Amino acid sequence: MLVNTKAIVLSAIKYGESDLIIKCYTEDGVRSYMIKRILKSRNSKLNIAYFQPLNLLQLTAKHNSKGTLNSILEVHVYHVYTSIPTDLKKQAIVMFLAETLNNALKEESKNEDLFHFLSAAFQWLDTHEKTINFHLIFLLKLTKHLGFYPEVINSHKPYFSLEEGIFSDHPVNKESLSGENLSLFKTLIGTNFDVTDGLNINSNSRHALLDMILSYYTLHLPGFKKPRSLAILKELFREK
């Protein structure tokens, strides 16, 4: 079936000597594409530069039945990043979030709200300077779309179970947060991107909070693995 769809690049994996398998989150859900001879071809319509992590693309593609790789006929960028390509910290955020999304997004089904959230978030990252806590806010907001956002009705209570996603009067299990860790976690709940630089979070707390969120993902998404790019992200955001 021939489709026109916007797409967000999640990964690009070399296959053989000259082919690439591109995984994208599209307006129709997760799709993977085989692009033959792209590493040796001079075909400007499908240049490898289009398929950098989290690039925002407009595709004309052929979507096959489930279980088979799709093909791309035409592509162009619908939002050209201006700051991300030259900002090392933003590049680290992009690499980390692309790997996280590649692990987290599995469904081949349409989710317009999720697609719009992702597209708007990455455009915000590109067009704003104060983004030091962007990835933390992004990851917690993403849980709304993945179905395990914290139940906030009892957020005044002194414990939060990462496994159950609820606040409680007593620790539910060993994965419960309390004290300083809980206070850190609660700073993100309901927070928007435009206050990212106003959060009072130092480097050590930021890393601890990121580890908590990734543990939360691991408990709620079967097979989820912490991104390999996590170490690079932490190093770039470490206070000297």
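Placed above this text is the structure.
The present account deals with the structure reproduced in this document. Small disclaimer: the values here were computed from a predicted structure and weren't measured.

Here is what the cut-offs are and how they apply
Residues numbered from 1 in each chain as written. Predicted model: local features only at pLDDT ≥ 70, side-chain atom pairs only at ≥ 80, totals over all residues. Heavy atoms only, no water. Helix = DSSP H or I, 4+ residues; strand = E, 2+ residues; numbered from the N terminus. Core = buried A, V, L, I, M, F, W, Y, C linked by side-chain atoms within 4.5 Å. Buried < 20%, exposed > 50% of the residue type's maximum accessible area, 1.4 Å probe, protein only. Contact = heavy atoms within 4.5 Å. Axes fitted to C-alpha atoms, helices over the stretch in contact; angles between N-to-C directions. Parallel < 35°, antiparallel > 145°, perpendicular 65-115°, else oblique. Left-handed = near helix turned anticlockwise from the far one by under 90°. Nonpolar A, V, L, I, M, F, W, Y, C, P; charged D, E, K, R; others polar. 1 Å grid on protein atoms, 1.4 Å probe; cavity = no way out; pocket = protein on both sides within 12 Å on 5 of 7 lines; lining within 4 Å. Points joined across faces, edges and corners; volume = space filled by probe spheres on them. Phe/Tyr/Trp six-rings, centres within 6.5 Å; stacked < 30°, edge-to-face > 60°. Lys NZ or Arg CZ within 6 Å of the ring centre and 35° of its normal.

One can find H156 in the loop between α3 (134-146) and β6 (159-161). Put simply, H156 and F167 are eleven residues apart on the chain and 7.8 Å apart in space, counted from C-alpha to C-alpha.

This part covers the nonpolar core. By size, the foremost hydrophobic cluster in this structure holds 56 residues, and its most contacted members are L54, L118, F122 and F138. Residue assignment for this core shows that the elements contributing at least two residues are β1 (2-15), α1 (88-104), α2 (112-127), α3, α4 (179-188), α5 (203-220) and α6 (230-236). If we skip the residues at most four places from it in the chain, L54 touches I8, V9, L10, Y81, V94, L97, A98, L101 and F122. Core analysis: the second largest hydrophobic core is formed by 16 residues, V9, Y33, L46 and A61 among them.

Viewed as axis vectors pointing N to C, α1 and α2 meet at an angle of 165°, and their least axial separation amounts to 11 Å. Taken together, the axes of α1 and α2 lie roughly antiparallel to each other. Seen along the crossing, α1 lies across α2 with a hand that is right-handed. Counting all contacts with α1, which are made through K90, I93, V94, L97 and L101, the residues of α2 involved are L118, F122, L125 and D126. In terms of residue class, the contact of α1 with α2 is built from seven nonpolar, no polar and two charged.

So, on to the layout of surface pockets. Here the largest pocket is characterised by a volume of approximately 370 Å³. Lining the largest pocket are 18 residues; nearest its centre among them are L10, S11, E99, N102 and R228. Those elements giving two or more residues to the lining of the largest pocket turn out to be β1 and α1. Residue composition of the lining of the largest pocket, grouped by class: ten nonpolar, four polar and four charged. Volume-wise, the second largest pocket comes out at about 250 Å³. In terms of lining, the second largest pocket is formed by 16 residues, of which the most central are A104, L105, K106, E107 and L146.

Turning our attention to the packing of aromatic side chains. Inspection of every chain in the model, using the stated rule, returns 15 aromatic pairs. A centroid spacing of 4.7 Å and a plane angle of 50° characterise the contact between F160 and F167, whose relative ring orientation is tilted. In this structure, F160 and F167 share a single accessibility class: buried. In textbook terms, an aromatic cluster arises when at least three aromatic residues are bridged by ring pairs, as seen for F148, F160, F167, F185, Y216, Y217 and F224. Sitting over the ring of F193, K141 keeps its end group 5.9 Å from the ring centre. The ring of Y149 has K144 lying over it, and the distance from NZ or CZ to the ring centre is 4.9 Å.

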